[in-house]
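What follows is each chain in one-letter form.
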Amino acid sequence: VEKTGLYGMTKYSLAYFTRALAKELRGTLVCAGRLMPGMMPTDFITKPTVGEQGRVVDEQTRWIFNILGDMPDTVARFLVQKIRQNRVNNAHISWLTNRKVASRFVLAPFRKRDFFQQ
């Protein structure tokens with residue numbers, strides 16, 4: 001079982017910091033905002049690192065990533081376009097919206113993906 005407490009705490013802390021920074025920047029020409037890229041099956045998750053016999057990713061994690069994950073280049077194209085269009089301080093730009101999550105779970109039985117192929 002992987003420990004995710006520190007990971008979750010840092011994500012929450014960063015979101016808190018960004019909201020506070022945006023508040024402090026009100027009235028200036030500088031904007032701060034949050035990007036929510038969702039889940040991306042990067043090599044950190046899908047491939048063993050140097051010296052490892054093989055990273056063990058449990059079946060539930062594989063299942064979730066295969067449903068909700070998107071390739072980094074796909075997500076980056078979307079986020080960069082939204083960043084360039086944004087003129088609002090404290091913007092929250094999300095790739096993996098609640099609507100998209102619901103749709104992906106409904107369509108999962110018909111959409112087979114495997115980011116963990118060897």
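Residues numbered from 1 in each chain as written. Predicted model: local features only at pLDDT ≥ 70, side-chain atom pairs only at ≥ 80, totals over all residues. Heavy atoms only, no water.

> Which residues make up the packing of aromatic side chains, and what values go with them?
If you walk through the whole model with that rule in mind, you get three aromatic pairs. Ring geometry for Trp63 versus Phe105: centroids 5.7 Å apart, planes at 50°, classification tilted. One end of the pair, Trp63, is in helix H3 (residues 59-68); the other, Phe105, is in helix H5 (residues 98-107), with 42 residues separating them in the sequence. You can call Trp63 partly exposed: its relative accessible area is 48%. A centroid spacing of 6.2 Å and a plane angle of 85° characterise the contact between Phe65 and Phe116, whose relative ring orientation is edge-to-face. (Phe/Tyr/Trp six-rings, centres within 6.5 Å; stacked < 30°, edge-to-face > 60°. Helix = DSSP H or I, 4+ residues; strand = E, 2+ residues; numbered from the N terminus. Buried < 20%, exposed > 50% of the residue type's maximum accessible area, 1.4 Å probe, protein only.)

> Give a description of the nonpolar core that names residues and reports values.
Grouped together as the largest cluster of nonpolar side chains are eight residues: Ile67, Leu68, Val75, Leu79, Ile93, Trp95, Leu96 and Ala108. When residues of this core are traced back to their parent elements, those giving at least two are H3 and helix H4 (72-85). If we ignore the near neighbours within four places in the chain, the residues touching Leu79 are Leu35, Pro37 and Ile93. (Core = buried A, V, L, I, M, F, W, Y, C linked by side-chain atoms within 4.5 Å. Contact = heavy atoms within 4.5 Å.)

> How would you summarise the pattern of salt bridges if you had to cite specific residues and measurements?
Per the stated rule, a full pass over the model turns up five salt bridges. For the salt bridge of Asp70 with Arg113, the shortest nitrogen-to-oxygen distance reads 3.9 Å. Residue Asp70 is located in the loop between H3 and H4, and its partner Arg113 is located in the segment after H5; the two are separated by 43 residues in the primary sequence. Judged by relative accessible area, Asp70 falls into the buried class, the value being 7%. A salt bridge links Asp73 to Arg77, with the shortest nitrogen-to-oxygen separation between them at 3.9 Å. Residue Asp73 and its partner Arg77 are both found in helix H4; the two are separated by four residues, about one turn of the helix. With a relative accessible area of 45%, Asp73 lands in the partly exposed category. When its relative accessible area of 55% is taken as the criterion, Arg77 is described as exposed. By sharing partners, the salt bridges in this structure join Glu59, Arg62 and Asp114 into a single network. (Salt bridge = Lys/Arg side-chain N within 4 Å of Asp/Glu carboxyl O.)

> Go over unusual backbone geometry, please, and point to the residues and values.
Backbone geometry places Asn90, a non-glycine residue, at a positive phi of 65°. Looking at where Asn90 falls in the secondary structure, it is placed in the loop between H4 and strand E2 (92-94). The partly exposed category is assigned to Asn90, whose relative accessible area is 34%.

> Hey, could you go over a nonpolar patch on the surface for me, with residue numbers and the actual values?
On the surface, a cluster of nonpolar side chains totalling about 290 Å² of accessible area is made up of Leu14, Phe17 and Leu21. Mapped onto the elements, Leu14 comes out in helix H1 (residues 5-24). Judged by relative accessible area, Leu14 falls into the exposed class, the value being 53%. (Patch = residues over 30% accessible without salt bridge, like charges linked within 9 Å, V, L, I, M, F, W, Y side chains within 5 Å. Areas by Shrake-Rupley, 256 points an atom, 1.4 Å probe, with all protein chains shown as cover.)

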